[in-house]
Amino acid sequence: MSFPWAKPYEPTHPLMKWMDEKLPIPRLVYNATGPGYPVPRNLNYFWNFGVLAGAALMIQIITGIVLAMHYAANASVAFNSVEHIMRDVNAGWFIRYAHMNGASMFFIVVYLHIFRGLYYGSYKAPREMVWLLGVVIFLLMMATAFMGYVLPWGQMSFWGAQVITGFFSAIPIVGEPVREWLLGGFVPDNATLNRFFSLHYLLPFVILGVIILHIWALHIPGSSNPTGIEVKDEQDTVPFHPYYTAKDGFGVGVFLLIFVALTFFSPNTLGHADNYIPANSLSTPAHIVPEWYFLPFYAILKAFTFNFLWIDAKLWGVIAMFASIALLFFLPWLDSSPIKSSNYRPLYRIFFWILVADVLLLGWCGMQPAEQPWVILSQLGAIYYFAHFLVILPIVSRIERPLPMPNSITEAVLAKHATDVKSASATA
Amino acid sequence: MVRPLGFLVGLGFITALVLAIFTTPLSNEANVAHEFHKHPRHLKLASDGVVLPHWDKAQLQRGMQVYKEVCSACHSLHLVAFRDIADLGYSEGQIKTFAKGFQVPSINPDTGEPATRDGLPSDYFPSPYANEVAARAANNNALPPDLSLITKAREGGKDYIYSLLTGFQNPPANLPAELKPGTGLHYNPYFANLNLAMAPPLAPNQVTYADGTKATVDQMAKDVTAFLVWTAEPKLIKRIQVGYAVFFFLLIFTVLTYLSYRNIWADKKH
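What you see is a predicted model, and the numbers here were worked out from it, not measured in a lab.

Rules and cut-offs
- Note on numbering: residues in each chain are counted from 1, in written sequence order.
- Lettering for chains starts from A, numbering for ligands starts from 1, and both go in the order in which the items are written.
- Under the rules for a predicted model, residues below a pLDDT of 70 receive no local features and side-chain atom pairs below 80 are neither given nor counted, while totals for whole chains, interfaces and linings still include all residues.
- A run of H or I in DSSP counts as a helix once it spans at least four residues, and a run of E counts as a strand once it spans at least two, with each numbered from the N terminus.
- With the radius of gyration taken over C-alpha atoms, the globule rule is written as 2.2 Å times the number of residues to the power 0.38.
- Burial is judged by counting the other C-beta atoms within 10 Å of a residue's own C-beta: 20 or more makes it buried, 12 or fewer makes it exposed, and any count in between marks it as partly exposed, with every C-beta position built from the backbone.
- This entry defines residue contacts through backbone-placed C-beta atoms, with two residues in contact when those atoms are within 7 Å.
- A set of buried residues qualifies as a nonpolar core if it consists of Ala, Val, Leu, Ile, Met, Phe, Trp, Tyr and Cys joined through C-beta atoms within 7 Å.
- Inter-axis angles, ranging from 0 to 180 degrees, are taken between N-to-C directions of lines fitted to C-alpha atoms, where helices are fitted over the stretch in contact.
- Roughly parallel covers angles under 35 degrees, roughly antiparallel covers those over 145, roughly perpendicular covers 65 to 115, and oblique covers all other angles.
- Crossing handedness is read from the near helix: turned anticlockwise from the far helix by less than a right angle, it gives a left-handed crossing, and turned clockwise, a right-handed one.
- Three categories are distinguished: nonpolar for Ala, Val, Leu, Ile, Met, Phe, Trp, Tyr, Cys and Pro, charged for Asp, Glu, Lys and Arg, and polar for the others, with Gly belonging to the last.
- Paired strands, as defined in this entry, are two strands with at least two bridges between them according to DSSP.
- One number per residue, pLDDT, summarises how confident the predictor is, and it ranges from 0 to 100.
- Here the expected span of a helix is defined as 1.5 Å times the quantity of residues minus one.
- What the arc measures is the spread of directions leading from the helix axis to the C-beta atoms.

Participant: Got a minute to help me understand the overall build of chain B in this structure?
Facilitator: When helices and strands are tallied, chain B shows 8 helices and 4 strands. Reading chain B from its N terminus to its C terminus gives the helix and strand order α-α-α-α-β-β-α-α-β-β-α-α. Taking 2.2 N^0.38 as the reference for a compact globule, 270 residues should give roughly 18 Å; the C-alpha atoms of chain B span a radius of gyration of 27 Å, well beyond that estimate. Out of the 270 residues in chain B, the part that is buried amounts to 27%. Sequence-distant contacts in chain B: of pairs separated by 6 or more residues, those separated by 24 or more amount to 63%.

What follows is the structure, encoded as structure tokens:
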């Protein structure tokens, strides 16, 4: 599962030799993230985000385990137990704010990771399985984050749970019973809080498992790179360690700086004030909004306001919202262009940047009340979102004429350095 | 197979959205309350920002006095314990005396009947009402919210609380009849629906400050808001201070990792 020139693992110390015979974990690590894993030499900083997502997950798991030692998943005390953590537990305020903002950092990093994949065609053969597992991780993350947001049992926790489980009641006939079954009652209550806590503790470890599969699937063809040209020989690659461990180390440093700035200096900016009000089933907040990382999908949900065919608007919204993520599973087959990197796809590149702007617009609209012009903007945004993946992309990948491409990664690197030297001497 | 099917599905969503656009009116329903609603005024406090914020202890002490003598008649503060006010610069003895001034619910050790006893530093600020029903009964069916987290639990935070406390006024002449305050309600343009059940709580010289500060409505509103910023997050200043240490430690770490990254890659073009 690697290139023939990959450095073989040869333990010299007797203990390591003994270990290698009994349980070759050092060998696994050596071949997966050590000198035994050759990686394209030309990866840019966008290739840091996989490792950063892993770091974010570890931070969430560690802070989460500590929080669970002090949190009480019971509707009558959950809110106060969070405040107990904030006020009375040693450094509890830090652990709680780190976990709260860690979720946001995890999503920022994963969104950049996903858009990296979209720009550089990382979802294409031979890496379709890596992409599919990535979408599974994304779905699991969304479920985990949603349930985590319910745990403090504030107003947004409660009403968010009410709205999101309400999606199921849009399904004809079975919808309402399914919703009641999921909640363990007619409205979110103690049963809901308990099962969400249980699942919120479980799912991160499921995510961890799927991440292992994601990395395993990645190591079979090896990492992609900004040119999209596959590795041809040894000079195209460098060993993961020390080259990319060093670069990822720097990436983790920058990530932690931003994380720390958010956690210590502005921990409530990305949250919602209403979640500092204890849950109250008799008082509905003026407008219910999910956490920022769900806003684009929330805007798609709200964009459907017309009963079309025999399906009512609410069900259209729910189907479209799920479809907006589910269509990512089909992306490797929707895009038939053999060119991976958008650097060589002049037409697709334009639509890619429109998509980025479109998702940001949808996110902004998702935050707004159901008033004009936000309704029409989210409708236009949703039209482009579906058109991009289901109409434009298949057509563009058929009619586009790619730019001339270098023959190998090394050639691309050397050409880039030649122009760098030329422009440097021109300015000198 | 995927592409034609995807195309049809995409067309379905797009048609539903296009029809939605044509059937949604482009003008909003007029919301008259919007025109009278005001954005909170900014309140500057010593604990603001990230550049060397600190607790203005004299102000927090004054704010606590306003809470105790005015707000606590209706509003609880159930997340704050008497021991916590050590942050405001009170000594252990002062806290004990302060706590003693409150009667907290208890049980008669001989009969088991409900009773009260003097407060201890480990007790929390007692609630003015026995329960929600009693609170509503005494307040024209409105429930005075607990104030412990109030500056974090409202959009606009401390600015909103300060503006609300100082924002009571006579309704403007052009206010439509349906927005005029009903019986037991009071006009305040900073409140979401313009009329709230709380009567203007502060009047000039309502409290007598020990430090001689003149007790204007504005001064009392500032002081009690500063106090409520502290009750909402007693660890705020510590958080910023620890943040500096962590940030600068990580900055050095990041510079070192950058240098080692450059060093390792020095011989490789990429």
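Participant: In this structure, what is going on with the overall build of chain A? I would like to understand it.
Facilitator: Looking only at helices and strands, one finds 16 helices and 2 strands in chain A. With the C-alpha coordinates of chain A rotated into their principal frame, the extents come out at 70 × 60 × 50 Å. The buried share of chain A, taken over its 428 residues, is 45%. Taking as baseline every contact in chain A between residues at least 6 positions apart, the subset at least 24 positions apart corresponds to 78%.

Participant: What is the right way to read the nonpolar core from this model?
Facilitator: Across soluble globular proteins, you tend to see nonpolar side chains buried next to one another. Formed by 97 residues in total, the largest nonpolar core has its most connected members in Leu52(A), Ala56(A), Phe106(A), Val109(A), Ile300(A) and Ala382(A). The dominant element in this core, judged by the number of residues it contributes, is helix α5 (residues 92-119) of chain A, at 13 residues. Excluding its chain neighbours within four sequence positions, the residues that come into contact with Ala56(A) are Gly102(A), Met105(A), Phe106(A) and Val109(A). The next biggest cluster of nonpolar side chains, apart from the first, holds 44 residues, and it includes Cys71(B), Val80(B), Ile150(B) and Leu228(B).

Participant: Got a minute to help me understand the packing of helix α3 (residues 49-70) of chain A against helix α10 (residues 240-265) of chain A in this structure?
Facilitator: When two helices pack together, you describe them by how their axes are tilted relative to each other and by the distance separating the axes. Residues and elements named next belong to chain A. In the contact formed by α3 and α10, the axes pass within 10 Å of each other and the chain directions differ by 55 degrees. By the criterion of interaxial angle, the relationship of α3 to α10 is oblique. Note on packing geometry: the crossing formed by α3 with α10 is right-handed. Residues Val51, Leu52 and Ala55 of α3 lie in contact with α10, whose contacting residues are Asp248, Gly251, Val252 and Phe255. Classifying every residue of the contact of α3 with α10 gives 5 nonpolar, 1 polar and 1 charged.

Participant: Mind showing me how you'd approach helix α11 (residues 295-303) of chain A here?
Facilitator: Along an α-helix, residues three or four apart share an orientation, since each turn contains 3.6 residues. Buried residues dominate α11(A), accounting for 9 of its 9 residues. Every buried residue of α11(A) is accounted for by Leu295(A), Pro296(A), Phe297(A), Tyr298(A), Ala299(A), Ile300(A), Leu301(A), Lys302(A) and Ala303(A). Looking at the buried positions of α11(A), the neighbouring elements they touch are α12 (313-326), α14 (346-367) and α15 (374-399) of chain A together with α1 (2-23) of chain B.

Participant: How should I be thinking about the interface of chain B and chain A in this particular structure?
Facilitator: How large an interface is tends to be reported as the accessible area lost when its parts come together. Residue-level contacts link 48 residues of chain B with 51 residues of chain A. Among the secondary structure elements, those contributing two or more residues to the side of chain B that touches chain A are α1 and α8 (236-265) of chain B. The leading source of residues in the side of chain B that touches chain A is α8(B), at 16 residues. Here the side of chain B that touches chain A is composed, by residue class, of 28 nonpolar, 12 polar and 8 charged.

Participant: Whenever I open this one, the pairing of strand β2 (residues 114-118) of chain B confuses me. Can you help?
Facilitator: Looking down a regular strand, the side chains alternate between one sheet face and the other. All names here are of chain B. By the bridge criterion, 5 bridges tie strand β1 (residues 103-107) to β2 in an arrangement that is antiparallel. Within β2, the residue paired with Gln103 across the bridge is Asp118. Linking β1 back to β2 in an antiparallel pair, the connection comprises 6 residues, with Gly112 at a positive phi of about 80 degrees.

Participant: Sorry, what's going on with the packing of helix α4 (residues 78-87) of chain A against α5(A) here?
Facilitator: Residue and element names in this part refer to chain A. Interaxial distance between α4 and α5 falls to 5 Å at its minimum, and their mutual angle equals 120 degrees. The pairing of α4 with α5 is recorded here as oblique in orientation. When α4 is examined against α5, the residues Val82, Ile85 and Met86 are found in contact with a partner set consisting of Gly92, Trp93 and Arg96. In the contact of α4 with α5, the residues fall into 4 nonpolar, 1 polar and 1 charged.

Participant: Explanation requested: unusual backbone geometry in the structure shown.
Facilitator: It is generally the case that most residues other than glycine have a negative phi and that most peptide bonds are trans. Residue and element names in this part refer to chain A. Cis geometry is adopted by the peptide bond preceding Pro242, which originates at His241 and carries an omega value of 10 degrees. Following the sequence through the fold, Pro242 ends up in helix α10. Phi angles above zero are rare outside glycine, and Trp153 is one such case at about 55 degrees.

Participant: Looking at this structure, I do not really get the confidence of the model for chain B. What am I missing?
Facilitator: Parts of the prediction with low pLDDT should not have their coordinates interpreted in detail. Taken over all residues, the pLDDT of chain B has a mean of 92, while the share at 70 or more is 100%. At the level of chain-chain contacts, confidence expressed as ipTM amounts to 0.92, with global pTM at 0.94.

Participant: Please explain α1(B) as it appears in this structure.
Facilitator: Residue and element names in this part refer to chain B. An ideal rise of 1.5 Å per residue puts 32 Å on 22 residues; α1 measures up with 32 Å between its terminal C-alpha atoms. Listed in full, the buried residues belonging to α1 are Gly6, Gly10, Phe13, Ala16, Leu17 and Ala20. For α1, the arc enclosing every buried residue in end-on projection is 125 degrees, short of the 170-degree limit, so these residues lie on one face. Seen from the buried face of α1, the exposed residues on the opposite side, beyond 90 degrees, are Pro4, Leu8, Phe22 and Thr23.

Participant: Hey, could you run me through the environment of Pro121(B) in this one?
Facilitator: All names here are of chain B. Looking at the element boundaries, Pro121 is found in the loop between β2 and α5 (132-138). In the structure, Pro121 is positioned 38 residues away from Arg83 in sequence and 4.7 Å away in space, judged by C-alpha atoms. Filtering out sequence-adjacent residues up to four positions away, Pro121 remains in contact with Phe82, Arg83, Ile95, Lys96 and Ala99.

Participant: Mind showing me how you'd approach the environment of Thr165(A) here?
Facilitator: All names here are of chain A. When you line up the elements, Thr165 lands in helix α7 (residues 155-166). Put simply, Thr165 and Leu380 are 215 residues apart on the chain and 26 Å apart in space, counted from C-alpha to C-alpha. Filtering out sequence-adjacent residues up to four positions away, Thr165 remains in contact with Arg179, Leu182 and Leu183.

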